[in-house]
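Structural characterization, general
The chain contents come next:
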Amino acid sequence: MAGEPQPDCLFCKIVAGGGPATLGRKTERTVAFRDIAPKAPTHVLVIPHVHYPNAAALAAAEPEIAGELLAEAGRVAEDEGIQDYRLIFNTGAGAGQTIFHAHVHVLGGVPMNERMV
Ligand code: 5GP
Ligand code: ZN
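Report follows, based on the coordinates. Treat the numbers as computed from the prediction; the structure is a model and nothing was measured.

What follows deals with the nonpolar core. Counting residues in each nonpolar core, the largest one holds 13 residues, and the members touching the most others are Val46, Leu58, Val76 and Val106. Looking at this core, the elements with two or more residues in it are β3 (42-48), α3 (63-80) and β5 (104-108). By residue number, the principal contributor to this core is α3, which donates five residues. Apart from the residues lying within four places of it in its own chain, the contact partners of valine 46 are Thr30, Val31, Ala32, Leu69, Glu72, Ala73, Val76, His103, Val104 and Val106. Listed in part, the ten residues of the second largest apolar core include Cys9, Ile14, Val31 and Leu45.

What follows is the structure, given as structure tokens:
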């Protein structure tokens, strides 16, 4: 079945509680935890429990969970006390994706006025 845990996936292990991460917010369908190599004062990853290779695949298969991922990203920012933040979904190795389990980066706590697009 689509979305089931993959034995060799680091983020599936974190969802199951067996991976290297200090968990933050946890809901029935998402988990948030700090990135192990932070690129900003706030650098939190929010992931769905279900395994899909990237955010678009998640949204195509389970749009409600993709929506929850965004809502949780907003709650993480609120918990961190930041109003201005950047959400990043790297998709594909050529875009810097290294973990092929859908996730959103919540980055903030420092001015990020330079535009990428
Ligand atoms: P990607 O590059 O795929 O968009 O993001 C994967 C992120 O996961 C990277 O920013 C990387 O630092 C983070 N990461 C990789 N391994 C671990 C880990 O074992 N624990 C935590 N907390 N983050 C990790
Ligand atoms: Zn996974």
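The next point concerns the coordination of the zinc ion (ligand 2). The protein atoms that coordinate the zinc ion (ligand 2) are Cys9 (SG), Cys12 (SG), His51 (ND1) and His101 (ND1), at distances of 2.0 to 2.3 Å. Between the four donor atoms coordinating the zinc ion (ligand 2), the angles at the centre fall across 107 to 114°, so the site counts as tetrahedral. A relative accessible area of 14% means that histidine 51 is categorised as buried.

Around ligand 1 sit 16 residues, and of these Asp35, Gly96, Thr98, His103 and His105 come closest. A distance of 2.7 Å is found between an oxygen atom of ligand 1 and a backbone nitrogen or oxygen belonging to threonine 98. Surface burial for ligand 1 is 87%, taken as the share of its 520 Å² of free accessible area covered by protein chains. For the shell around ligand 1, the secondary-structure elements that each account for two or more residues are α1 (10-15) and β2 (30-34). Tallied by class, residues from the shell around ligand 1 come to eight nonpolar, six polar and two charged.

The next point concerns the pattern of salt bridges. One pass over the structure, following the stated rule, counts six salt bridges. Linking arginine 75 and glutamate 72 is a salt bridge whose minimum nitrogen-to-oxygen distance equals 2.6 Å. One end of the pair, arginine 75, and the other, glutamate 72, are both in helix α3, three residues apart, so they sit about a helical turn from each other. One salt-bridge network, held together by shared partners, links Arg25, Glu72, Arg75 and Asp79.

Quick notes on the rules
Residues numbered from 1 in each chain as written. Chains lettered and ligands numbered in written order. Predicted model: local features only at pLDDT ≥ 70, side-chain atom pairs only at ≥ 80, totals over all residues. Heavy atoms only, no water. Core = buried A, V, L, I, M, F, W, Y, C linked by side-chain atoms within 4.5 Å. Buried < 20%, exposed > 50% of the residue type's maximum accessible area, 1.4 Å probe, protein only. Helix = DSSP H or I, 4+ residues; strand = E, 2+ residues; numbered from the N terminus. Contact = heavy atoms within 4.5 Å. Donors = N, O, S within 2.8 Å, 3.2 Å for Na, K, Ca; no water. Tetrahedral: all angles 85-135°; square planar, octahedral: opposite > 155°, others 65-115°. Near = heavy atom within 4 Å. Polar contact = N/O pair within 3.5 Å; in protein donor to acceptor, adjacent residues only side chain to side chain. Areas by Shrake-Rupley, 256 points an atom, 1.4 Å probe, with all protein chains shown as cover. Nonpolar A, V, L, I, M, F, W, Y, C, P; charged D, E, K, R; others polar. Salt bridge = Lys/Arg side-chain N within 4 Å of Asp/Glu carboxyl O.

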